[in-house]
Amino acid sequence: MEQTLDLYAMERSVPNVEYDPDQFPGLIFRLESPKVTSLIFKSGKMVVTGAKSTDELIKAVKRIIKTLKKYGMQLTGKPKIQIQNIVASANLHVIVNLDKAAFLLENNMYEPEQFPGLIYRMDEPRVVLLIFSSGKMVITGAKREDEVHKAVKRIFDRLAELDCIKPVEEEELEF
């Protein structure tokens, strides 16, 4: 959507939007289904957050454009969707010895006094993982969903190879 948009007109006519240029230069548009938030700028560029999958993201963009057109916005051209950053969470269902992992893994930072997770920068795929002793993790920086799956498998295999994980005992399981 490369064009100049009248964000004041959009705020007056489109429901579920907020626009306060003194606070933020973009218009905030919240969709209920799929539940996403879109930041729309005068340039026509848009940032969409909250989608749970690539398919949901595409559905959201189509719905946003359809809604804007319904309320009289003149939009030209086909939108170019470019995924910049996927943030995902995972659970390895193991206990991770972060002290040992910090010592044996390359490209990591672990300062438990500052933050309880180990920050691991993976080269392939190029992502950052926040790994917690509970086996839970956050993966960020992926451009495709398959990169997330590959990163989780690679870190699990690497932690197992370095003997940094152990099974969760019955009494440690969360219910």
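The notes below deal with the structure included here.

The rules we used
- Residues numbered from 1 in each chain as written.
- Predicted model: local features only at pLDDT ≥ 70, side-chain atom pairs only at ≥ 80, totals over all residues.
- Heavy atoms only, no water.
- Salt bridge = Lys/Arg side-chain N within 4 Å of Asp/Glu carboxyl O.
- Helix = DSSP H or I, 4+ residues; strand = E, 2+ residues; numbered from the N terminus.
- Buried < 20%, exposed > 50% of the residue type's maximum accessible area, 1.4 Å probe, protein only.
- Contact = heavy atoms within 4.5 Å.
- Patch = residues over 30% accessible without salt bridge, like charges linked within 9 Å, V, L, I, M, F, W, Y side chains within 5 Å.
- Areas by Shrake-Rupley, 256 points an atom, 1.4 Å probe, with all protein chains shown as cover.
- Lys, Arg positive; Asp, Glu negative; His and termini not counted.
- Charge placed at Lys NZ, Arg CZ, Asp CG, Glu CD.
- Pairing = 2+ DSSP bridges.
- Axes fitted to C-alpha atoms, helices over the stretch in contact; angles between N-to-C directions.
- Polar contact = N/O pair within 3.5 Å; in protein donor to acceptor, adjacent residues only side chain to side chain.

Notes on the pattern of salt bridges
Right, so step 1: Considering all chains together, one arrives at 8 salt bridges under this definition.
Right, so step 2: Across the salt bridge formed by K150 and E124, the nearest N and O atoms sit 3.2 Å from each other. Of this pair, K150 sits in helix 4 (residues 145-161) while E124 is found in the loop between strand 8 (118-122) and strand 9 (127-131), placing the two residues 26 residues apart along the sequence.
Right, so step 3: Note on E124: relative accessible area 46%, which makes it partly exposed.
Right, so step 4: For the salt bridge of D146 with R144, the shortest nitrogen-to-oxygen distance reads 2.9 Å.

Some details on the side chain of S38
Right, so step 1: The residue S38 is located in strand 3 (residues 36-40) in this model.
Right, so step 2: Those residues in contact with S38 that lie beyond four places of it in its chain are L27, I28, F29, M46, V47, V48 and I64.

Here's the deal with a positive patch on the surface
Right, so step 1: A surface patch of positive charge is lined by K59, R63, K66 and K70.
Right, so step 2: For K70, the position within the fold is in helix 2 (residues 54-70).

Quick notes on unusual backbone geometry
Right, so step 1: Cis geometry is adopted by the peptide bond preceding P34, which originates at S33 and carries an omega value of -5°.
Right, so step 2: Mapped onto the fold, P34 is located in the loop between strand 2 (27-31) and strand 3.
Right, so step 3: With an omega of -5°, the peptide bond running from E124 to P125 counts as cis.
Right, so step 4: Tracing the chain through its elements places P125 in the loop between strand 8 and strand 9.

A short note on the sheet that holds strand 4 (residues 46-49)
In any sheet, the strands associate via hydrogen bonds between backbone groups, in a parallel or an antiparallel arrangement.
Right, so step 1: The strand order 1-2-3-4 describes an open sheet built from 4 strands, whose pairing is antiparallel. Sheet topology places strand 1 (17-18) and strand 4 at the edges, where each strand pairs with a single neighbour.
Right, so step 2: Relative to strand 3, strand 2 runs antiparallel, the two sharing 5 bridges. Residue pairing across strands places R30 opposite T37, the latter belonging to strand 3.
Right, so step 3: The strands that helix 2 touches are strand 2, strand 3 and strand 4; relative to strand 2, the one it contacts most, it runs at about 115°.

Details of the side chain of T67
Right, so step 1: Among the structural elements, T67 can be located in helix 2.
Right, so step 2: Within polar-contact distance, the side chain of T67 engages the backbone oxygen of R63 at 2.8 Å.
Right, so step 3: Sequence-distant contacts of T67, defined by excluding residues within four places in its chain, comprise V14 and F29.

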